[in-house]
Amino acid sequence: MSKMEHQMADVAIVEIGASPLEPYNGDIAIDAIREQIKCIILAASDPYAVYGLMKAFDLKPDIVTGIASNTMAGKEMVEKLCKVKALNIIDASTTEELKSILSEKTGFAL
């Protein structure tokens, strides 16, 4: 955290661990930077992992990607269960929507 403090970065990619229930101290990291967070992109394995993370860290991602978004069923379940946009960002057809969400959340012109 102290190294991050001195970087003057506009963007940080933060890994909080494989599971919010395992002792990675992800909750401490999130709490330390919570006020600076502009956009959360969660790479998740399934819709229930998204829901669990939302409850464990008391946060709502702006976008869900990863295996949870790779099928129509997974995408629909994330969006229905968690009320979060699911995008398979490997699929080039999602690029414009991804850029739009990132621009809106961060204020960067993409």
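Just so it is clear, the structure is predicted and the values come from calculations on it, not from any experiment. (Residues numbered from 1 in each chain as written. Predicted model: local features only at pLDDT ≥ 70, side-chain atom pairs only at ≥ 80, totals over all residues. Heavy atoms only, no water.)

## Let's talk about helix H2 (residues 26-33)
Okay, so step 1: The set of residues buried in H2 consists of Gly-26, Ile-30 and Ile-33. Buried residues along H2 cover an arc of 80° about the axis, so they all sit on one side. In H2, the exposed residues that point more than 90 degrees away from the buried face are Ile-28 and Asp-31.
Okay, so step 2: Here the buried face of H2 lies against helix H1 (2-5) and helix H3 (47-57). (Buried < 20%, exposed > 50% of the residue type's maximum accessible area, 1.4 Å probe, protein only. Helix = DSSP H or I, 4+ residues; strand = E, 2+ residues; numbered from the N terminus. Arc of directions from axis to C-beta. Contact = heavy atoms within 4.5 Å.)

## Topic: unusual backbone geometry
Phi is mostly negative for residues that are not glycine, and the peptide bonds are mostly trans.
Okay, so step 1: Its identity is not glycine, yet Asp-58 carries a phi of approximately 50°, on the positive side.
Okay, so step 2: Counting through the fold element by element, Asp-58 comes out in the loop between H3 and strand E2 (63-65).
Okay, so step 3: We note that Lys-83 has phi near 60°; this positive angle belongs to a residue other than glycine.

## Here's the deal with the state of the cysteines
Okay, so step 1: On inspection of all chains with the given rule, the structure shows 0 disulfides.
Okay, so step 2: Left unpaired, Cys-39 is separated from the closest cysteine sulfur, that of Cys-82, by 16 Å. (Disulfide = S-S within 2.5 Å.)

## Observations regarding the pattern of salt bridges
Okay, so step 1: Per the stated rule, a full pass over the model turns up 6 salt bridges.
Okay, so step 2: Its salt-bridge partner being Asp-31, residue Arg-34 comes within 3.0 Å of it at the nearest N-O pair.
Okay, so step 3: Residue Glu-97 pairs with Lys-85 through a salt bridge whose shortest N-O separation is 3.2 Å. Of this pair, Glu-97 sits in helix H5 (residues 95-106) while Lys-85 sits in strand E3 (residues 85-86), and the two are 12 residues apart along the sequence. (Salt bridge = Lys/Arg side-chain N within 4 Å of Asp/Glu carboxyl O.)

## Some words on the environment of Ser-93
Okay, so step 1: Along the polypeptide, Ser-93 turns up in the loop between E3 and H5.
Okay, so step 2: The exposure class of Ser-93 is exposed, given its relative accessible area of 61%.
Okay, so step 3: When the C-alpha atoms of Ser-93 and Val-50 are compared, they prove to be 23 Å apart, with 43 residues separating the residues in sequence.

## Things to note about the side chain of Ser-69
Okay, so step 1: Relative to the helices and strands, Ser-69 is located in the loop between E2 and helix H4 (72-82).
Okay, so step 2: Since its relative accessible area comes to 4%, Ser-69 is described here as buried.
Okay, so step 3: Filtering out sequence-adjacent residues up to four positions away, Ser-69 remains in contact with Val-64, Ala-86, Leu-87 and Asn-88.

## Brief notes about the sheet that holds E2
Okay, so step 1: As summarised here, the arrangement of the 3 strands in space is E1-E2-E3, forming an open sheet in which the pairing is parallel. Every other strand in the sheet has two partners, leaving strand E1 (41-43) and E3 as the edge strands with one partner each. (Pairing = 2+ DSSP bridges.)

## Focus: the nonpolar core
Okay, so step 1: Ala-44, Val-50, Leu-59, Val-64, Val-78 and Val-84 are the most contacted members of the largest nonpolar core, which totals 15 residues.
Okay, so step 2: Counting residues per element, the ones that place at least two in this core are H3 and H4.
Okay, so step 3: In terms of residue count, the dominant contributor to this core is H3 (4 residues).
Okay, so step 4: Once you skip the residues sitting within four places of it in the chain, Val-84 turns out to touch Met-54, Lys-60, Pro-61, Asp-62, Ile-63, Val-64, Val-78 and Glu-79. (Core = buried A, V, L, I, M, F, W, Y, C linked by side-chain atoms within 4.5 Å.)

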